Amino acid sequence: MGTAVRSAKRSLSRFASNRFLFEELVKRDFEHKYKRTILGMAWSVLSPLLTLLVMKLVFTGFFGRTTPHYTIYLFAGTIVMAYYKEATNNGMTSMISNASVINKINVPKYLFLFSRNVSSFVNFLLTLAVFFVFCIIDGITFRISFLMLIFPVLCLVIMNIGIGMILSALYVFFRDIKYLYSVFLTLLTYLSAIFYTVDSFPYNVQRLFLLNPVYVIIKYIRMTVIDGNVPSLQYHALCLAYALVFALAGAFFYKRYNRRFVYYF
Amino acid sequence: MGRVIECNDVSIRYITGDLKAIGLKEYMMRRITGNYHVTEFWADKHISFALEAGDMLGIIGTNGAGKSTLLKAVSGIMEPKQGSIKVNGRIAALLELASGFDGDMTVRENAYLRGAMLGYTRAFMDEMYEEIIAFAELEEFEDRPFRQLSSGMKSRLGFAICCMVDPDIIILDEVLSVGDGAFRKKSGDKMREILGSGVTGILVSHSIDQVKELCNKVLWLDHGEQIVFSPEVEKVCDAYTEFLITKEIPSTDDEIAALALACSKRRAEEKAKKDKKETKKLEGILARGTKNTAIEAALDIIENNAPEMLDMHEVGEWRRKNNG
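Please read all numbers here as calculations on a predicted model, not as lab measurements. (Residues numbered from 1 in each chain as written. Chains lettered and ligands numbered in written order. Predicted model: local features only at pLDDT ≥ 70, side-chain atom pairs only at ≥ 80, totals over all residues.)

Bringing the overall build of chain A into the picture now. A tally of regular secondary structure across chain A gives 12 helices and zero strands. Secondary structure elements of chain A occur, N-terminal to C-terminal, as α-α-α-α-α-α-α-α-α-α-α-α. Rg of the C-alpha trace for chain A: 20 Å, near the compact-globule value of 18 Å for 265 residues, within the 12% margin. Put simply, chain A has 265 residues, and 35% of those count as buried. Within chain A, contacts between residues at least 6 apart in sequence are counted, and of these 80% link residues at least 24 apart. (Helix = DSSP H or I, 4+ residues; strand = E, 2+ residues; numbered from the N terminus. Rg over C-alpha atoms; globule rule 2.2 N^0.38 Å. Buried ≥ 20, exposed ≤ 12 C-beta atoms within 10 Å, placed from the backbone. Contact = placed C-beta atoms within 7 Å.)

Below, the discussion takes up the nonpolar core. Counting 138 residues, the largest nonpolar core has A:Ala76, A:Val80, A:Ile217 and B:Ile171 as the members making the most contacts within it. Of all the elements, helix α4 (residues 70-93) of chain A adds the most residues to this core, at 13 residues. With residues up to four places along the chain from it excluded, the contact list for A:Ala76 reads A:Phe131, A:Ile218, A:Ile221, A:Arg222 and A:Val225. (Core = buried A, V, L, I, M, F, W, Y, C linked by C-beta atoms within 7 Å.)

Let us look at the interface of chain A and chain B. Often, the extent of an interface is quoted as the loss of accessible area on bringing the components together. Contacts between chain A and chain B engage 23 residues on the former and 28 residues on the latter. Secondary-structure elements contributing two or more residues to the side of chain A that touches chain B are α2 (19-34), α5 (99-102), α8 (177-190) and α12 (261-264) of chain A. Top element by residues in the side of chain A that touches chain B is α2(A). It accounts for six residues. Within the side of chain A that touches chain B, the residues separate by chemical class into 12 nonpolar, four polar and seven charged. (Nonpolar A, V, L, I, M, F, W, Y, C, P; charged D, E, K, R; others polar.)

Let us look at the environment of B:Thr39. All names here are of chain B. With respect to the secondary-structure elements, Thr39 resides in the loop between α1 (19-33) and β2 (40-52). For Thr39, a count of 9 C-beta atoms within 10 Å corresponds to the exposed category. For the pair Thr39 and Pro167, spaced 128 residues apart in sequence, the C-alpha to C-alpha distance is 38 Å.

With that out of the way, let us pick up helix α6 (residues 110-137) of chain A. Under the 1.5 Å per step criterion, the end-to-end length of α6(A) is 41 Å for 28 residues, consistent within 8% with the ideal 40 Å. Downstream of α6(A) by a residue or two, A:Gly139 has a phi angle that is positive, lying close to 80°. (Expected span 1.5 Å × (residues − 1).)

Here we take up the pairing of strand β9 (residues 225-230) of chain B. Residues and elements named next belong to chain B. With five bridges connecting them, strand β8 (residues 217-222) and β9 associate as antiparallel partners. For Leu219, the partnering residue across the bridge sits in β9 and is Phe229. Between β8 and β9, which pair antiparallel one after the other, the connecting turn spans two residues, and His223 there sits at a positive phi close to 45°. (Pairing = 2+ DSSP bridges.)

Here we take up unusual backbone geometry. All names here are of chain B. At Asp9, a position not held by glycine, the phi torsion is positive, near 50°. Within the secondary structure layout, Asp9 lies in strand β1 (residues 3-15). Here Asp9 falls in the partly exposed class, since 13 other C-beta atoms lie within 10 Å of it. For Glu137, which is not glycine, the phi dihedral falls at a positive 55°. Here Glu137 is to be found in the loop between α4 (122-136) and α5 (151-163).

Attention now moves to the pairing of strand β5 (residues 91-94) of chain B. All names here are of chain B. Taking every second residue as pointing to the same face, both faces of β5 are buried, with Ile91 and Ala93 on one and Ala92 and Leu94 on the other. Relative to strand β6 (residues 169-173), β5 runs parallel, the two sharing four bridges. Bridged to Ile91 within β6 is Ile169.

Another point: the confidence of the model for chain B. Predicted coordinates in areas of low pLDDT are best not read in detail. All names here are of chain B. Chain-level pLDDT for chain B is 83 on average; 95% of the residues reach the 70-or-more range. Looking over chain B, one finds the lowest element-wise mean pLDDT in β5, namely 75, and the highest in β8, namely 91. Across the interfaces of the predicted complex, the ipTM metric reaches 0.79, alongside a pTM of 0.82. (pLDDT = per-residue confidence, 0-100.)

Quick look at the structure:
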């Protein structure tokens, strides 16, 4: 235990000494994203809104009548899914696109991944703000329990970093991961109950949905915002477990393989 | 002060299974069918050397000898498969200066980012930024996107940022000087200033003269094998020069000495030949020239090479008379 604490401490102090680099990287990622586009930040809000609009138009006829606050129901699903997709995709390419630097200068590589995650997260916060505006429009009263939403969001952030780490390592070794993962993402989107409800499935199948961590996060937000009740303690434990499992798996993958990246660029 | 760099029986291996070419699906299939093979390639085999503070090591060898890989291992980018590398101090590695910049960002942003990657602090960059830009002569380009710069300008910036530090250890891969004419001189001077300040350094160079001029130790690699690590820079460099012509790899100290001897013999012969040619050329010029200029030239030559033959007073008189 003592060594683990010490090594964690060492990592932290290393991170502190790399703060300048981290800030510069975040700045760069933001510029890449928003510079020289007229819409700039507005686009990151507009794009999920368009998705929402299309889904609303198409699916209201099927599910909208039976689901209360169907717009909010859809919106919660789309923004979480969009954030998950963006963060993991960006994380996946973070090593390869910085290959020329990693090849020449001895820098802590994980910073490239972290900085990408920062910009995706800020993007997500923007859409989350719009989400709350929609909540007001849809007549949902704000409760103090909304503060609990910080918990699933935090779990999602940690999970995204962990998954990004696994993917970025895999992507260095196998370039077709990009295509495989995009197929996987499409499947995941359909399995995340974004535009449909799971109520029509038998109870046991409904429980199977909990194997999908993205669905777990989406459901947490829906339960809190639409149903107005905070999930059970077990549900919190489930969120946390997903976050920790992926974070640890990511750290393990990174630690085990990061020294070999340089051979595959 | 003790050892600054200690390289102990270091071997570096590349694996060329080419996962990235076949992809995950194919990899899985080959794994299942037992068709997956990796081939190993040892870029460096059993390399050992040690540098004390102030030492300057020159690494010589033909292309593919494992020089750059060894530098990467010393600067911590790669990890040796076997052996150990101990480094005491802060490394500034100058490897391919122009790469790794971001074309969309401005020169200023790139300078800060590169500084951050090299481990400088923001305060340090704030302090040095003006100096860096002035040294790279990019004042007019500060806020231009980096992609608009020429490749020479890019290396100039890379060089300037790298050289502004006070490193304990400097690693140079063919980047003693960059840029064109005037800047080449400036960067060369700066480099010599840094090297003269007592840093420990490693220099990879294809210019044997540079190695002779700057290094007090030399490491000769060939196809990943260590031929020799020695403080006798002159001898090893001569042997290497001879090896480039004869392609004979020496295996013992005696063979190296023999090669070096052959080289100096060859050089003496070439010098004699060249001198003869030059003498002929000079004679021709003197014979064709007007009388006074010919005498002037002859006097200059004698004055430079054997001043004791001349009565400088007489020479002065003669020059006054003819020039005045």
